[in-house]
Structures are given as C-alpha cells and as structure tokens.
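An overview of the molecular structure
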Amino acid sequence: KVIGDYLPKEEKLREMMEKSYDILNNHPLNVERAAKGLHKANSIWFWGAGTRPALDSFEEKTGKKGVMISAVDLLKGIAVGAEMKVIEVEGADGTLHTNYEGKAQAAIDALKTDDFVYVHVEAPDEAGHEGNFTLKNRTVEDLDSRLIGPIYEEVSKWDEPVAIAVLPDHP
C-alpha cells in the first residue's frame, strides 16, 4: 500500500492537511528549527480513523494479571483493549526528563500484586528519531541506572523468581 491509502477519504480533511504545510513550513518557529538543524513541524496529519481492534483479554489468554506503565497513549490503549490495568505515573511524559524513578517504583509496587508489568520508556526512541547519538546513549544509561537497576535491586531480594526482559520497540 502507499501512504495515500491511509489518509482520510474526506476531501476537506485532505485539504486541511495540505494547507497546514503552506502555513507551517515557513513559520518563524520552523525557520528557527531548521537553522538549528532540527526537523520542522510543518504539517498536520489526521490519522486514527480506523476501528477499535479486537484484542483478547490478557488475563484470559495468559492466566496472568497484567499492568501497563507508559506515557504513550497508543500503548495505554492497547493495554485497555487487552483489559490490563494502566498505571499513570506523575511526571512520566515520554521525554528525556521522564520520571524514571516513579516508573520503577510503580513497577515494583505492581509486581507485588500482579503477574506481569510492561514498563515502556519512550525517551531512547525519541532520541533515535532525532538522530542524536549522544542523547540516545544518555537515555539508555538513564534507563539502566534509574529504572532497570532499581527494579532489579528490589526484586532480587524476593523469594520468588522474577524475569526481566529489556527490549526495543523497533530496533
């Protein structure tokens, strides 16, 4: 398929998308971003006109109670669709400055009552999209020292086994 297959069929929405480029591409903020070597925010795209996917209940499928900790609405929506608990962590915002410690504590607390905890951290992905190796490296170091490390330190004291998997969402 080509990108056009995923765009809104409504002509007015397509016109608004095209007009947004005309308005935003040479906007002073985008001229400034381009001068700094940053990508421009020069278009509005309407997505998500699909239907809700049919997801099996995580607990019915696995026999385990699952929890999602993420700042990303898409992942929280998947968790809701799979009837998993979604934990909101104050300051967890999907940026370099996300509340790693709050996510770690929420995961530790959830593991005391639930079987499976999915902690998603968006910061390394965002750094990768920016093509910024230094920032990407820093986010991975923060992920290790501020999230994974504290979780590991706590669960290693427990009498029951806990498995930890660290995975990229798209390498």
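All values reported here derive from a predicted model rather than from experimental measurement.

Rules and cut-offs
- Residues numbered from 1 in each chain as written.
- Predicted model: local features only at pLDDT ≥ 70, side-chain atom pairs only at ≥ 80, totals over all residues.
- Heavy atoms only, no water.
- Helix = DSSP H or I, 4+ residues; strand = E, 2+ residues; numbered from the N terminus.
- Rg over C-alpha atoms; globule rule 2.2 N^0.38 Å.
- Buried < 20%, exposed > 50% of the residue type's maximum accessible area, 1.4 Å probe, protein only.
- Contact = heavy atoms within 4.5 Å.
- Areas by Shrake-Rupley, 256 points an atom, 1.4 Å probe, with all protein chains shown as cover.
- Core = buried A, V, L, I, M, F, W, Y, C linked by side-chain atoms within 4.5 Å.
- Pairing = 2+ DSSP bridges.
- Right-handed = clockwise from strand over helix to strand, strands pointing away.
- Patch = residues over 30% accessible without salt bridge, like charges linked within 9 Å, V, L, I, M, F, W, Y side chains within 5 Å.
- Salt bridge = Lys/Arg side-chain N within 4 Å of Asp/Glu carboxyl O.

1. Concerning the overall build of the chain
In terms of regular secondary structure, the chain is built from seven helices and three strands. If you list the helices and strands of the chain from N to C, you get α-α-α-β-α-β-α-β-α-α. Relative to the globule expectation of 16 Å for 171 residues, the C-alpha radius of gyration of the chain, 20 Å, shows a markedly less compact shape. Projected onto its principal axes, the C-alpha coordinates of the chain cover approximately 60 × 40 × 30 Å. The burial tally for the chain puts 30% of its 171 residues in the buried class. Contacts in the chain between residues at least 24 apart in sequence constitute 49% of all its contacts with a sequence separation of at least 6. For the chain, the exposed surface amounts to about 11,900 Å²; the carbon and sulfur share of it is 55%.

2. Comments concerning the nonpolar core
Most often, soluble globular proteins keep nonpolar side chains buried together rather than apart. Of all hydrophobic cores here, the largest spans 20 residues; its most connected members are Ile69, Tyr100, Val117, Val121, Leu143, Leu147 and Ile151. In terms of residues, this core owes the most to one element, helix α5 (residues 100–111), which gives seven residues. The residues contacting Val121, other than those within four sequence positions of it, are Tyr100, Lys103, Leu143 and Leu147. If you look at the next biggest cluster of nonpolar residues, it comprises six residues, including Met68, Leu75, Ala82 and Met84.

3. Brief notes about the pairing of strand β1 (residues 66–69)
Burial along β1 is two-sided: the face carrying Gly66 and Met68 and the face carrying Val67 and Ile69 are both buried. Of the pairings in the sheet, the one linking β1 to strand β3 (residues 116–119) comprises four bridges and is parallel in character. Within the sheet, the bridge partner assigned to Ile69 lies in β3 and is Val119. Taking the sense of rotation as the criterion, the β-α-β connection linking β1, helix α4 (residues 73–81) and strand β2 (residues 85–87) turns out right-handed.

4. So, a nonpolar patch on the surface
On the surface, a nonpolar cluster with roughly 350 Å² of combined accessible area is contributed by Tyr152, Val162, Ile164 and Val166. A relative accessible area of 51% places Val166 in the exposed class.

5. As for the pattern of salt bridges
Pairs can form between side chains of opposite charge whenever their charged atoms are close. By the definition in use, this model includes nine salt bridges. A salt bridge links Lys76 to Glu88, with the shortest nitrogen-to-oxygen separation between them at 3.3 Å. One end of the pair, Lys76, is in helix α4; the other, Glu88, is in the loop between β2 and α5, with 12 residues separating them in the sequence. Salt-bridge contacts for Lys85 lead to Asp114; the nearest nitrogen and oxygen are separated by 3.0 Å. Linking Lys85 in strand β2 with Asp114 in the loop between α5 and β3, this pair joins segments that are 29 residues apart in sequence. Salt bridges sharing partners connect three or more residues here, namely Asp73, Lys76 and Glu88.

6. Notes on unusual backbone geometry
With phi around 60°, Glu83 is a residue other than glycine that occupies positive phi space. Mapped onto the elements, Glu83 comes out in the loop between α4 and β2. The class of Glu83 is exposed, set by a relative accessible area of 57%.

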